[in-house]
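So the chains spell out like this:
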Amino acid sequence: MKRERTLSMIKPDAVQKNIIGRVIVKLEEAGLKVVAAKMVRLSKKEGQQFYAIHKERPFYNDLVDFISSGPLMALILEGEDAIAKNREVMGATNPKEAAAGTIRAEFGDSIDKNVVHGSDAPETAAIEIPFFFNEDEIFE
Ligand code: CMP
């Protein structure tokens, strides 16, 4: 096991539904610790940049519109195997396929409005964390 950090976003659909707290409870219960947090609204340009990895996908424009449609909460989560642990508690991308008890199964409406994002690998976390946070905004 390794101590890791991962980037989590509580997406605009979840902020709109007023379930930020319920999502964070799930993350904490999974053994993840919030070491940084901020509420931000991404511009379209920032949304394009954040999801640049998906720019050839057919859903890219809708994804960028959605992620910049309202405020989101960005978090850094820390813990043993935090990247995998976060993805486990998030559940499958499509809430309809997500295991019972996961965040997306409980709160997700659709593959687009799926409540949370989490880095999928250490290399991704290393890009996504500094996208939102400076070192002095991270607390042990
Ligand atoms: P996320 O983990 O934030 O990464 C990219 C997002 O694209 C994903 O969650 C989904 O919300 C969204 N998305 C929309 N359609 C698809 C699709 N067909 N496959 C994967 N992701 C999709």
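In the block above lies the structure referred to throughout.
Residues numbered from 1 in each chain as written. Predicted model: local features only at pLDDT ≥ 70, side-chain atom pairs only at ≥ 80, totals over all residues. Heavy atoms only, no water.

**Side note on the sheet that holds strand β4 (residues 116-118)**
To be explicit about the condition: Strand pairing is defined by DSSP finding a minimum of two bridges between the two strands. A helix here means a DSSP run of H or I that spans at least four residues, while a strand means a run of E at least two residues long, and both kinds are numbered starting from the N terminus. Every axis in this analysis is a line fitted to C-alpha atoms, fitted for helices over the stretch in contact. Angles between the N-to-C directions lie between 0 and 180 degrees. Contacts: residue pairs with any heavy atoms within 4.5 Å of one another.
Read from one edge to the other, the open sheet built from 4 strands follows the order β2-β3-β1-β4, with strand pairing classed as antiparallel. Sheet topology places β2 (33-40) and β4 at the edges, where each strand pairs with a single neighbour. Ignoring strand direction, the axes of neighbouring strands in this sheet form an average angle of 20 degrees. Relative to strand β3 (residues 72-80), strand β1 (residues 3-10) runs antiparallel, the two being bridged by 8 bridges. Each bridged residue has a counterpart across the sheet, and for R3 the counterpart in β3 is E80. Against the sheet, helix α7 (residues 122-132) makes contact with β1, β2, β3 and β4, and its axis sits at roughly 55 degrees relative to β1, the strand it touches most.

**Points about the site of the ligand**
Threshold: Proximity is defined per residue: any heavy atom of the residue falling within 4 Å of a molecule or strand makes that residue near it. In protein, a polar contact requires one atom able to donate a hydrogen and another able to accept it; more generally it is a pair of N or O atoms within 3.5 Å, and residues adjacent in sequence count only if both atoms are side-chain atoms. A cavity here means a set of points on a 1 Å grid, drawn over the protein atoms and nothing else, where a 1.4 Å probe fits but cannot get out; a pocket is an open set with protein on both sides within 12 Å along at least five of seven lines, and a residue lines either one if it has an atom within 4 Å of a point. Assignment of a molecule to a cavity or pocket requires that more than half of its atoms lie within 2 Å of the corresponding grid points. By the convention adopted, Pro, Cys, Tyr, Trp, Phe, Met, Ile, Leu, Val and Ala count as nonpolar, Lys, Arg, Asp and Glu as charged, and the other residues, Gly among them, as polar.
Around the ligand, the neighbouring residues are K11, Y51, H54, R57, F59, L63, T93, R104, I111, D112, N114 and H117. Note that an oxygen atom of the ligand is positioned 2.8 Å from one of the side-chain N or O atoms of K11. Between an oxygen atom of the ligand and a side-chain N or O atom of R104, the distance comes to 3.3 Å. Counting atoms within 2 Å of the grid points, the majority share of the ligand lands in the largest pocket. Taken together, the residues of the shell around the ligand sort by class into 4 nonpolar, 4 polar and 4 charged.

**Let's talk about the nonpolar core**
Test applied: Among buried residues, those of type Ala, Val, Leu, Ile, Met, Phe, Trp, Tyr and Cys that are joined through side-chain atoms within 4.5 Å constitute a nonpolar core. The rule is simple: take the accessible area with a 1.4 Å probe, protein chains only, and divide by the maximum for that residue type; under 20% is buried, over 50% is exposed, in between is partly exposed.
In terms of nonpolar packing, the biggest core is built from 20 residues, with M9, F132 and F133 touching the most fellow members. Contributing elements (two or more residues each) for this core: β1, β2, α4 (60-67), β3 and α7. Among the elements that make up this core, the one with the highest residue count is α4 (4 residues). Not counting residues up to four positions away in its chain, the partners in contact with M9 are F50, Y51, I67, L72, M73, A74, V115, V116, H117 and F132. Membership of the second largest hydrophobic core comes to 19 residues, among which are I20, V23, V115 and V116.

**Quick word on the layout of surface pockets**
Put simply, the rule is: Grid points are joined across faces, edges and corners, and a volume is the space filled by probe spheres set on the points.
Roughly 520 Å³ of volume is contained in the largest pocket. If you trace the largest pocket, you find 23 residues lining it, with Y51, H54, F59, T93 and H117 closest to the centre. For the lining of the largest pocket, the elements supplying multiple residues, two or more each, are α4, α5 (82-90), β4 and α7. With 3 residues, β4 is the largest single contributor of residues to the lining of the largest pocket. When its residues are assigned to classes, the lining of the largest pocket shows 8 nonpolar, 7 polar and 8 charged. Considering only enclosed or pocket space, the second largest pocket measures out at about 160 Å³ in volume. Taken together, Q49, F50, A52, I53, T124, I127, E128 and F131 make up the full set of residues lining the second largest pocket. Broken down by secondary-structure element, the contributors of at least two residues to the lining of the second largest pocket are α3 (44-50) and α7. Residues of the lining of the second largest pocket, tallied by class, amount to 5 nonpolar, 2 polar and 1 charged.

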